[in-house]
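A structural walkthrough
What follows is each chain in one-letter form.
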2 protein chains.
Amino acid sequence: MINRSDSRAREQVLVTVDLVIFTVREDRLQVLLIERGQPPFEGRLALPGGYIRVGERLDAAALRELQEETGVDGSQLHLEQLRTYGDPERDPRGRVITVAYLALTPDMPVARAGTDARSADWRPVDQVLQEEAGLAFDHDVILREALERARSQLEYTTVASAFCIEPFTIADLRCVYEVVWGFKLDPSNFRRKVTRTDGFVEPTGEHRVQELGRPAALYRRGTARLLSPPLLRSSEVAHSQLSTAALR
Amino acid sequence: MINRSDSRAREQVLVTVDLVIFTVREDRLQVLLIERGQPPFEGRLALPGGYIRVGERLDAAALRELQEETGVDGSQLHLEQLRTYGDPERDPRGRVITVAYLALTPDMPVARAGTDARSADWRPVDQVLQEEAGLAFDHDVILREALERARSQLEYTTVASAFCIEPFTIADLRCVYEVVWGFKLDPSNFRRKVTRTDGFVEPTGEHRVQELGRPAALYRRGTARLLSPPLLRSSEVAHSQLSTAALR
DNA sequence: CTTACTAAAAGTCCTATTGACCTTAAGTCG
DNA sequence: CGACTTAAGGTCAATAGGACTTTTAGTAAG
């Protein structure tokens, strides 16, 4: 029941949890990456993550890593399991499989309150994916799949509001969609969709005066989790493409 | 770096792959289950699955188990990773996490060509989920999530055709939707949707004469994988509920 | 041969959604 | 005050889809 030489033997493996933590900063979709301080892939960028500990649940490990890396409070964010990656060659040190999680957080004031000494930093997703030297391990693939999942989630669920700090405006929310999807939406039609979908957002009654234009009504997250009918990407044909367009 | 007593230590775990294999038989959604021949959960029903072997990829392990259990050829089916379950108490023998896969196959002539001696058999999903004595391990939860995933996949993708043996009729395909979703659809509107969606099905030109009614045109699977716009459950309001309705 | 019956296939009608576009409201700045 | 900007709200037409009807093409019974 131990490994080596018998190909039919069970394999003892180490399990890690890796996090794709997205936020919308400076009107771009950004992902939290660390620079690896030791081999393998020393000096390369990687997704934050770590080994699961004895007796620890997967979700708990993901939440722990998230807090170590960002110091966020668990309530304000969206966390879901993405997929498990287990190719034998993905880690040169041996058989390590990783359970990837997708986290969506608002643009936190604390960027990297890492208990961890490793330097964690936000980087624009489109830029990371275009870079010649990719991420460590199979993290490029994970990041790509996370991006696709996030884009898809915005179609069918209300998670986009997880990127917003309450209270927020309809324009704030629209900006999330535009940044994640990589193209502009019609402001008027977007408002209609959001406000007429029960439980997507609820008005606070307050308004926010901004530098330019009419003051915008403020909202908080509603109770609905699913969008039906969905808000499809195919619809809302692009007014103008954003930089992220280069990815697809 | 070994386990016990230090809660911050990494845990060496065993990894299994468990399969939720769905098919549509006798106008019901059925799942392939095995009866466990040894502890733990001896005599209880469980999802087919097994340990990953040294150097084996997750997908390869899933495919291998699938073939051991059903003897299907890999080409005719749909296989996707569902989710990973890793609660520390899920297996009384120790730390074992499982990567669950969802497989959709047509009603195979060979029901259980198991190389494996264990008795595998098709059982109606609704019946299994209603039974007092549940499945072994956390397989009830996995089965429930697999069912929800399958239902959702039918909305957004063309995988329903993976349940059909080519060539098939529009009614065959509609039957898949009705059985998986648990309610009747309007035959006319369903045909319109399927035939007007590019790449969902393509006509063979042949017809199948049946006992009753006008002969039906035959189709094979199209090249499209995604349905846009989707075919939502919320729409197509139920004509009459089927037995599966009890689940929701 | 004719009629009844069934299911397939095709068409009609109406409503809801939504993309494109326009108008008005409410603030700032010069 | 007028120019400008964004929010908010409305109109219009195209489309998708639910409910329903009609026609087609087969089988089985009389």
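What counts and how
- Residues numbered from 1 in each chain as written.
- Chains lettered and ligands numbered in written order.
- Predicted model: local features only at pLDDT ≥ 70, side-chain atom pairs only at ≥ 80, totals over all residues.
- Helix = DSSP H or I, 4+ residues; strand = E, 2+ residues; numbered from the N terminus.
- Expected span 1.5 Å × (residues − 1).
- Buried ≥ 20, exposed ≤ 12 C-beta atoms within 10 Å, placed from the backbone.
- Least-squares fit on C-alpha atoms with pLDDT ≥ 70 in both.
- Contact = placed C-beta atoms within 7 Å.
- Pairing = 2+ DSSP bridges.
- pLDDT = per-residue confidence, 0-100.
- Nonpolar A, V, L, I, M, F, W, Y, C, P; charged D, E, K, R; others polar.
- Domains from an automatic or database assignment.

By the naming in an unreviewed UniProt entry, chain A is 8-oxo-dGTP diphosphatase, taken from Thermomonospora echinospora.

Spacing of three or four residues puts side chains on the same side of an α-helix, whose turn is 3.6 residues. Residues and elements named next belong to chain A. Over its 12 residues, helix H4 (residues 170-181) extends 16 Å from the first C-alpha to the last, a length consistent with the 16 Å expected when each residue adds 1.5 Å. Where burial is concerned, most of H4 is hidden: nine out of the 12 residues are buried. Those residues of H4 that fall on the buried side of the exposure criterion are Ile170, Asp172, Leu173, Val176, Tyr177, Glu178, Val179, Val180 and Trp181.

Quick look at the relation of the copies chain B and chain A now. Rotating chain B by 180° and moving it 0.0 Å along the rotation axis overlays it on chain A with an RMSD of 0.0 Å. Such a combination of turn and shift is consistent with a two-fold rotation axis. Closest approach to the rotation axis within chain B is made by the C-alpha atom of Val13 of chain B, at a distance of 2.8 Å. Here 100% of the interface residues in chain B have copies in chain A that are interface residues too; the copies meet face to matching face.

On to the environment of Glu132 of chain A, then. Mapping Glu132 of chain A onto the fold places it in the loop between helix H2 (125-130) and helix H3 (139-156). Between the C-alpha atom of Glu132 of chain A and that of Ala217 of chain A, which follows or precedes it by 85 residues, the distance is 43 Å.

Most of strand S1 (residues 12-25) of chain A sits inside the fold, with 11 of its 14 residues counted as buried. Pairing geometry for S1 of chain A and strand S1 (residues 12-25) of chain B, over three bridges, is antiparallel. Looking at S1 of chain B, one finds that Leu14 of chain A is bridged to Gln12 of chain B. Here nine bridges tie S1 of chain A to strand S6 (residues 96-104) of chain A, and the two strands are oriented parallel to one another. Bridge pairing in S6 of chain A places Val20 of chain A opposite Leu102 of chain A. Examined bridge by bridge, S1 of chain A and strand S4 (residues 49-51) of chain A share three bridges and lie antiparallel to one another. Pairing of Asp18 of chain A across the sheet is with Gly49 of chain A, part of S4 of chain A. Taken together, the four bridges between S1 of chain A and strand S2 (residues 28-35) of chain A define a ladder with antiparallel strand orientation. Its bridge partner lying in S2 of chain A, Arg25 of chain A is registered against Arg28 of chain A.

Residue and element names in this part refer to chain A. For chain A, the average pLDDT comes to 89, and 88% of its residues sit at 70 or higher. A low-confidence stretch, residues 237-248 (pLDDT under 50), is modelled with 21 contacts involving residues beyond four sequence positions or located in other chains. Interface confidence for the predicted complex, expressed as ipTM, amounts to 0.91; the pTM equals 0.92.

Let's shift gears to the interface of chain B and chain A. A common way to express how large an interface is: the accessible area buried when the components associate. The partner chain A presents 30 residues to the 30 residues of chain B that form the contact. When residues of the side of chain B that touches chain A are traced back to their parent elements, those giving at least two are S1, strand S5 (78-85) and strand S6 (96-104) of chain B. Examining the composition of the side of chain B that touches chain A, we find that four residues originate from one element, S1 of chain B, more than from any other. Classifying every residue of the side of chain B that touches chain A by side-chain character gives 13 nonpolar, nine polar and eight charged.

Residues and elements named next belong to chain A. On domain assignment, one finds that chain A holds domain 1 (14-149) and domain 2 (157-247). On the domain 2 side, the residues contacting the 12 residues of domain 1 number 13 residues. Of all the elements in the fold, those that place two or more residues in the side of domain 1 that touches domain 2 are S1, S2 and H2. For the side of domain 1 that touches domain 2, the element with the highest residue contribution is H2, accounting for three residues. Within the side of domain 1 that touches domain 2, the residues separate by chemical class into six nonpolar, three polar and three charged.

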